[in-house]
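# Observations on the three-dimensional arrangement
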Amino acid sequence: MTAARLKLQWADGKAIKNEVDIQILDLLGPKTEADMKQPSKNKAKPVIEVQKNEKTSNIKESEIQSNGVAEVTTVAEMMRTKVHFHKPGENYKTDGYVITPKTMDLLKEHLEITKGGIRTRFPPEPNGILHIGHAKAININFGYAEAHNGICFLRYDDTNPEKEEEKFFTGIRDIVEWLGYKPYKITHSSDYFEQLYEWAKDLIKKGLAYVCHQTADEIKGYNPPPSPWRDRPCEESLQLFEDMRKGKIDEGAATLRMKCTLEEGKIDPVAYRIKFLPHTRTGDKWCIYPTYDYTHCLCDSIEHISHSLCTKEFQSRRSSYYWLCNALDIYCPVQWEYGRLSMSYTVTSKRKIAKLITEGIVDNWDDPRLFTLTALRRRGFPAEAINQFCAKMGVTTAQAVVDPHMLESFVRDVLNSTAPRVMAVLDPICVNIINFPFSNTIQLEVPNFPSEPERGTHQIPFGATLYIERSDFKETEEKGYRRLTPGQDVGLRHAGYTLHFENIVKDKSGKISELQCKCIKVTEVTEKPKAFIHWVSSPLNCEIRLYERLFRHKNPDDTSEVPHGFISDCNKDSLQIIGGALIDVSVKNAKVYDKFQFERIGFFSVDPDSHQDKLVFNRTVLLKEDSGK
């Protein structure tokens, strides 16, 4: 610090110290109980496994096994073996925790209420749909509580009535439960509006908060001018705060500010602002609403949260979190930060997704090209795969920027063991078997998982007319081509027969409309076919939707990479709809979100647009990673 002050003589010493403290915490992680002990022969474990010397980690699939946090396979295992937070009631042993004369009594009361159990919470804002980054937060908060027989609240941070909608409340709960977690209790910040208001008056009475008339633009940034109303009498601020509540002051003309400084140097954050808008739950009762900086820690205290787990951007609010609880002489939880999870080749900002929707580039929040959790579910990503992915990512303080291929590899692994195999033809060409050995169409018994026949079967028809992929026939021989040609037979999967070309029929445009073939039992052919292809007979019509990346560049919202903005980076060919696809009849009773492997093609999921007359399938992932991407 001395060297820094000598070199930066005109800099704010407090700001330098704050920045140094944050950087050290980023590099080394928070101190543990072991750090407080005398040095011993055994090296102490860090509280959180931190990726050092790197603020942002760009992770590739090939690196996942070498990453120190990538050894576990489930969230529960990770939380039990890789994450070591403080024990309930031992808040005072954590780094930076402020101890007051009342701390120990408050902790004793906290332990009596919680019976020494772990309590966490997942506190989303109900103004948008959850994205892949939220999946990590859900798994960390619910997973840590579950792994230690604790409880986790789902608390909606509904303090901004301007953007909140009922569909977001229900959508968030739906996704939490889809990922396999059941909240101990569903609460809302608005449940505590009355208590929060009373505490705000207590702060004013203690001289720790005041009503300010600076505009939002005047207090924006890190070096705003000091408020000329900071030292106004408490009685005056109390009266003005009451006037704010009663709607006597115009919106934007006054705020309630707290007398504290955030680690980042921001002075006197706003606690309350005026908004003349009805609230989804409280109606017109309030026209003043608390901010995140004020609400978050107080709701944690009310619910006796033992571990307040949040992403690293809230590290700069930790001191104000502790300050506010201690200023009101109430129980103070411990805040722990972890690095957020981001995905390349996408945007997750609510504002930017809304722009994509209004521009007609995507249909809605659940468009399968997005990385919202509703979109991933619709595309066919299993919840189990997303949870495994989050477990492999671990809990670090480094922000992880992940290539979508890594997530897709987990999806592929789960679907490979859970999605039954069926046959579908995306670009069909008709084949008539001129020597079909049966008088009528027969039924074949086909295994759902060919490598594990004990897992069940389904029946498919095999008739004189069937359909194969257009790409599985070549009119002229090509070197290395192993499927049907005029001089090369090909096997039919599961049928026990091969196809032998006899004749070709074309339409007026010269396009092949029909192949005439003979079939021969596999056991009777003189030469084993080089390949076996999929096919369908007496099939169902269906619609297939093939998805590619929505954006062409890795960081579409980075203007240095995409100068004209993320909208200009959209891939116009990110969706291909195939209306004339055919699929075997065994799937006719498939339900929305049912998943299948279309043999030799990829993994697919039934889309909610499906109806009784026509099934719609979304391609989830290819059978193997596309090396060309």
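Starting afresh in each chain, residues are numbered from 1 along the sequence in its written order. Where local features are concerned, this predicted model is filtered to residues with pLDDT of at least 70; where side-chain atom pairs are given and counted, the filter is 80 or more; whole-chain, interface and lining totals use all residues. In computing side-chain properties, one takes all heavy atoms of the structure into account and sets aside hydrogens as well as water.

## With respect to the overall build of the chain
Helix and strand definitions here come from DSSP, where helices need a minimum of 4 consecutive H or I residues and strands a minimum of 2 consecutive E residues; each element is numbered from the N-terminal end. Regarding its fold elements, the chain presents 15 helices and 27 strands. Accessible area is worked out with a 1.4 Å probe on protein chains only. A residue is then buried under 20% of its type maximum, exposed over 50%, and partly exposed in between. Counting all 629 residues of the chain, 51% fall into the buried class. Contact between two residues is taken to exist if any of their heavy atoms lie within 4.5 Å; hydrogens are not considered. In the chain, 71% of the contacts between residues at least 6 apart in sequence involve partners at least 24 apart.

## Quick look at helix 15 (residues 404-418)
Compared with an ideal rise of 1.5 Å per residue, which puts 15 residues at 21 Å, helix 15 spans 21 Å between its outermost C-alpha atoms and is within 8% of the ideal. For helix 15, the buried fraction is high: 11 of the 15 residues fall into the buried class. Those residues of helix 15 that sit buried are P404, H405, M406, L407, E408, S409, F410, V411, R412, V414 and L415. Any N or O atom pair separated by 3.5 Å or less is treated as a polar contact, with the protein-specific requirement of one donor-capable and one acceptor-capable atom, and with residues adjacent in sequence counted only for side-chain atom pairs. Near the N-terminus of helix 15, the side chain that reaches the backbone nitrogen of H405, with its oxygen 2.8 Å away, is that of D403. A helix's residues, less one, multiplied by 1.5 Å, set its expected span.

## Focus on the packing of helix 8 (residues 193-205) against helix 9 (residues 234-245)
One way to put it is that helix 8 packs onto helix 9 with a least axis distance of 9 Å and a crossing angle of 155 degrees. Taken together, helix 8 and helix 9 sit at an angle that is classed as roughly antiparallel. Where helix 8 crosses over helix 9, the two elements pack in a sense that is right-handed. Every residue of helix 9 that contacts helix 8 at E194, Y197, A200, K201, I204 and K205 is listed here: C234, S237, L238, F241, E242 and R245. Three classes are used, and their members are as follows: Ala, Val, Leu, Ile, Met, Phe, Trp, Tyr, Cys and Pro are nonpolar, Asp, Glu, Lys and Arg are charged, and the others, Gly among them, are polar. Here the contact of helix 8 with helix 9 is built from residues that sort into six nonpolar, one polar and five charged. Inter-axis angles, ranging from 0 to 180 degrees, are taken between N-to-C directions of lines fitted to C-alpha atoms, where helices are fitted over the stretch in contact. What sets the label is the angle itself: under 35 degrees gives roughly parallel, over 145 gives roughly antiparallel, 65 to 115 gives roughly perpendicular, and the rest give oblique. Whether a crossing is left-handed or right-handed is set by the direction in which the near helix is turned from the far one by less than a right angle, anticlockwise for left-handed and clockwise for right-handed.

## Re the sheet that holds strand 15 (residues 428-433)
Spatial ordering of the open sheet is given by 18-15-21-20-19-22, a layout of six strands whose pairing is mixed. On the outer flanks of this sheet lie strand 18 (465-469) and strand 22 (532-533), each paired with one strand and no other. By the convention used here, strands pair only if DSSP detects at least 2 bridges between them. The pairing of strand 19 (residues 490-492) with strand 20 (residues 497-506) spans two bridges and is classified as antiparallel. In the strand pairing of strand 20, V490 is matched with L499.

## Here's the deal with the packing of helix 6 (residues 132-147) against helix 14 (residues 383-393)
With their axes 10 Å apart at the nearest point, helix 6 and helix 14 run at an angle of 75 degrees to one another. As the angle between them shows, helix 6 and helix 14 are arranged roughly perpendicular. Every residue of helix 14 that contacts helix 6 at I132, A135, K136 and N139 is listed here: I386, N387, F389 and C390. Across the contact of helix 6 with helix 14, the residue classes break down as five nonpolar, two polar and one charged.

## With respect to a nonpolar patch on the surface
Taken together, the side chains of Y92, I99 and M104 present a nonpolar region at the surface, about 270 Å² in accessible area. We classify Y92 as partly exposed; its relative accessible area is 30%. Candidate patch residues must exceed 30% relative accessible area and have no salt bridge, after which like charges are joined if within 9 Å and Val, Leu, Ile, Met, Phe, Trp or Tyr side chains if within 5 Å. Using the Shrake-Rupley algorithm and a 1.4 Å probe, accessible areas are obtained, with residue cover drawn only from the displayed protein chains. Here, a salt bridge means any side-chain nitrogen of Lys or Arg that lies within 4 Å of a carboxyl oxygen of Asp or Glu.

## Observations concerning the sheet that holds strand 4 (residues 185-188)
An order of 2-3-4 is seen for the three strands of this open sheet, with the pairing classed as parallel. With partners counted over all chains shown, the strands left at the sheet margins are strand 2 (119-122) and strand 4, one partner each. The average undirected angle you get between the axes of adjacent strands in this sheet is 30 degrees. Relative to strand 4, strand 3 (residues 151-156) runs parallel, the two sharing four bridges. Paired with F153 across the bridge in strand 4 is K185.

## Topic: the state of the cysteines
Note on terminology: pairs of cysteine sulfur atoms within 2.5 Å are recorded as disulfides. Counted under the stated rule, the structure contains zero disulfides. Free cysteine: C430, not disulfide-bonded; nearest cysteine sulfur from C517 at 9.9 Å.

## Some remarks on helix 6
Relative to the 22 Å expected for 16 residues at 1.5 Å per residue, helix 6 spans 22 Å between its end C-alpha atoms, a close match to the ideal helical length. With 15 of its 16 residues buried, helix 6 lies for the most part within the structure. N149 occupies a position one or two residues after helix 6 and carries a positive phi of about 55 degrees.

## Brief notes about unusual backbone geometry
Positive phi values are uncommon outside glycine, yet H304 reaches one of about 55 degrees. With respect to the helices and strands, the residue H304 is situated in the loop between helix 10 (292-302) and strand 9 (307-311). Positioned with a positive phi, Y345 is a non-glycine residue whose angle comes to about 60 degrees. With respect to the element layout, Y345 can be found in the loop between strand 11 (341-343) and helix 12 (350-358). For Y345, a relative accessible area of 19% puts it in the buried group.

## A short note on the packing of aromatic side chains
A pair of aromatic rings is counted whenever rings of Phe, Tyr or Trp (Trp by its six-membered ring) have centres within 6.5 Å, and the orientation is called stacked for planes under 30 degrees apart, edge-to-face for over 60 and tilted otherwise. Applying the stated criterion across every chain yields a total of 24 aromatic pairs. Taken together, F193, Y197, F241, Y272, W286, Y289 and Y294 form an aromatic cluster joined through their ring pairs. Should the NZ of a Lys or the CZ of an Arg lie within 6 Å of a ring centre and within 35 degrees of the ring normal, that charge is described as sitting over the ring. Positioned above the aromatic ring of W178 is the side chain of R377, whose terminal nitrogen or guanidinium carbon lies 5.8 Å from the ring centre.

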